[in-house]
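Here's the letter readout for the chains.
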Amino acid sequence: RRRHTRFKCDWSSDVCSSDLSPAASAPAPAVNVASVKQPVSSATTPNPSSPANNLTTADSPEEAVSFQWPTRGNVLAGFDEVKNKGLDIAGKAGDPVLAAADGKVVYAGSGLRGYGNLVIIKHNNTYLTAYAHNQSLLVKEDQAIKRGQKIAEMGNSDADQVKLHFEIRRQGKPVDPAKYLPSN
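Report follows, based on the coordinates. (Residues numbered from 1 in each chain as written. Predicted model: local features only at pLDDT ≥ 70, side-chain atom pairs only at ≥ 80, totals over all residues. Heavy atoms only, no water.)

Within the protein chain, the regular secondary structure consists of zero helices and 12 strands. Secondary structure elements of the protein chain occur, N-terminal to C-terminal, as β-β-β-β-β-β-β-β-β-β-β-β. Here the protein chain holds 184 residues, and the buried ones make up 51% of them. The contacts in the protein chain between residues at least 6 apart in sequence include a share of 64% that link residues at least 24 apart. Summed over all atoms, the accessible surface of the protein chain reaches about 8,700 Å², with 49% contributed by carbon and sulfur. (Helix = DSSP H or I, 4+ residues; strand = E, 2+ residues; numbered from the N terminus. Buried < 20%, exposed > 50% of the residue type's maximum accessible area, 1.4 Å probe, protein only. Contact = heavy atoms within 4.5 Å. Areas by Shrake-Rupley, 256 points an atom, 1.4 Å probe, with all protein chains shown as cover.)

Here it is as structure tokens:
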């Protein structure tokens, strides 16, 4: 029987938590899976393999994460704390969705309304990323993931068009992924 990671979200407050502790004695700290502010130009075409231009300098060295773009495509909608908690990136059905950084899958499924087929990766006790609206998921909960690994195929599950909705959360709060991703 498959062990199911305890994962719960209060999407009205944008707070998520998961129990990933090795001993499963205490739940992991609350972490968020949304996005941030400052729209990105729709002319932006990210290069997933470019090195990050903005490492998380406010974090301790062990908490810093170097993110890469999760797919190639134009940014359809930038971060907005009210309307869009991440980046929406255009693509074609079946385009690869890549892990933005090393981590562990804490959720893979379609049980969170509005996100379609969703993968959530915990990178450390500070950062979590979410990849929504996929047509197929290629990873399972508790699976270790490497930066750049194909984790899903882009789709339009629970969306009006084919796109990847990508979120970064820092200590449970949505942050603007554009500030954490490399520039072109």
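The phi dihedral of histidine 133 falls on the positive side, at around 75°, and the residue is not glycine. Checked against the element boundaries, histidine 133 lands in strand S8 (residues 127-137). Relative accessible area serves as the criterion here: at 5%, histidine 133 is assigned to the buried category. With phi around 60°, aspartate 158 is a residue other than glycine that occupies positive phi space.

What follows covers the nonpolar core. Across soluble globular proteins, nonpolar side chains show a tendency to be buried alongside one another. Within the largest apolar cluster, 27 residues are counted, with the highest numbers of intra-cluster contacts made by Phe67, Ile121, Tyr131 and Ile151. Sorting the residues of this core by element identifies strand S4 (87-90), strand S6 (103-109), strand S7 (117-122), S8, strand S10 (150-154) and strand S11 (163-170) as the ones contributing at least two each. By size, the runner-up hydrophobic cluster in this structure holds nine residues, among which are Ile120, Leu128, Ala130 and Ala132. (Core = buried A, V, L, I, M, F, W, Y, C linked by side-chain atoms within 4.5 Å.)

Along the polypeptide, threonine 129 turns up in strand S8. Given the relative accessible area of 0%, threonine 129 is considered buried. A polar contact of 2.8 Å, which involves the side chain of threonine 129, links it to the side chain of tyrosine 131. (Polar contact = N/O pair within 3.5 Å; in protein donor to acceptor, adjacent residues only side chain to side chain.)

A side chain with one charge may pair with a side chain of the opposite charge, provided their charged atoms come close. Applying the stated criterion across every chain, the model contains five salt bridges. Linking aspartate 88 and lysine 163 is a salt bridge whose minimum nitrogen-to-oxygen distance equals 3.5 Å. In this pair, aspartate 88 sits in strand S4 while lysine 163 sits in strand S11, placing the two residues 75 residues apart along the sequence. With relative accessibility at 13%, the residue lysine 163 sits in the buried group. Between glutamate 167 and arginine 169 there is a salt bridge, with its nearest N and O atoms 3.6 Å apart. For glutamate 167, a relative accessible area of 0% translates into the label buried. Assessed through its relative accessible area of 0%, arginine 169 is described here as buried. Among the charged side chains, a salt-bridge network with shared partners connects Asp88, Asp160 and Lys163. (Salt bridge = Lys/Arg side-chain N within 4 Å of Asp/Glu carboxyl O.)

To continue, consider the pairing of S10. Bridging between strand S5 (residues 96-98) and S10 involves three bridges; their strand directions are antiparallel. Note on S10: the bridge partner recorded for proline 96 is glutamate 153. Relative to S10, S8 runs antiparallel, the two being bridged by three bridges. Paired with serine 136 across the bridge in S10 is glutamate 153. (Pairing = 2+ DSSP bridges.)

Time to look at the side chain of glutamate 141. Along the chain, glutamate 141 turns up in the loop between S8 and strand S9 (144-145). Given the relative accessible area of 10%, glutamate 141 is considered buried. Polar contacts involving the side chain of glutamate 141 include one to the main-chain amide nitrogen of alanine 108, which spans 3.5 Å.

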